[in-house]
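Inside the fold
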Amino acid sequence: NQGDPAGCEHSSSFDFEVSIAEAATSEQPPLTPRELGVLQWAAEGKTTRDTSAILQIHQRTVEMHLKSAREKLDALNTTHAVARALAHGFILPPSL
């Protein structure tokens, strides 16, 4: 299933975002479930356009969530935000 980076079926993208938030074990993420979701899709190599199609939200909304996540993580760019989120255990490593 292209919509699920783990290759598993799921009922909605929101379920995926909630499972990401629940997977964080090292500390409580300062990010919203949607910010975690767009970061997870970025970690999977998805563009903002891809992510907007998967989540069925406007591309500009994806960009807004990424910007907010970058600011909260004190990251220089999206790649840096993904690295910080991974390092803190806020998102899961990308599936192979």
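Above this text you will find the structure in question.
Below is a summary of the structure that appears in this document.

Rules of the game
Residues numbered from 1 in each chain as written. Predicted model: local features only at pLDDT ≥ 70, side-chain atom pairs only at ≥ 80, totals over all residues. Heavy atoms only, no water. Buried < 20%, exposed > 50% of the residue type's maximum accessible area, 1.4 Å probe, protein only. Helix = DSSP H or I, 4+ residues; strand = E, 2+ residues; numbered from the N terminus. Arc of directions from axis to C-beta. Polar contact = N/O pair within 3.5 Å; in protein donor to acceptor, adjacent residues only side chain to side chain. Contact = heavy atoms within 4.5 Å. Salt bridge = Lys/Arg side-chain N within 4 Å of Asp/Glu carboxyl O.

What to know about helix α5 (residues 78-87)
Owing to its 3.6 residues per turn, the α-helix aligns residues three or four sequence positions apart on the same side. Those residues of α5 that fall on the buried side of the exposure criterion are A81, V82 and A85. The buried residues of α5 occupy an angular sector of 100 degrees when projected down its axis, which confines them to one face. Those residues of α5 that are exposed and aimed more than 90 degrees away from the buried face are T79 and A87. Two or three places before T79, at the opening of α5, N77 has a side-chain oxygen 3.1 Å from that residue's backbone nitrogen. G89, located one to two residues past α5, shows a positive phi value of around 80 degrees.

Description of the environment of V82
Relative to the helices and strands, V82 is located in helix α5. Once the C-alpha coordinates of V82 and A42 are considered, the two residues, 40 residues apart in sequence, prove to be 7.2 Å apart. Sequence-distant contacts of V82, that is, excluding residues within four places in its chain, are made with L39, A42, A43 and I91.

Observations regarding the pattern of salt bridges
Applying the stated criterion across every chain yields a total of 3 salt bridges. Between K72 and E35 there is a salt bridge, and its shortest N-O distance comes to 3.0 Å. Placement of K72 in helix α4 (residues 59-72) and of E35 in helix α2 (residues 33-43) is noted, with a sequence separation of 37 residues between them. Classification of K72 as partly exposed rests on a relative accessible area of 40%. Between E63 and R60 there is a salt bridge, with its nearest N and O atoms 3.6 Å apart. You can see E63 and its partner R60 sitting in helix α4, 3 residues apart, about one turn around the helix. E63 gets classed as partly exposed once you look at its relative accessible area, which sits at 30%.

Remarks on the side chain of E35
What makes E35 buried here is its relative accessible area of 4%. In this structure the side chain of E35 is engaged in a polar contact, spanning 2.5 Å, whose partner is the side chain of S68. Within the structure, the side chain of E35 is placed 3.0 Å from the side chain of K72, a separation counted as a polar contact. Setting aside residues up to four positions removed in sequence, E35 forms contacts with P30, H65, S68, A69 and K72.

In short, shape yes, function no, at least from these values alone.
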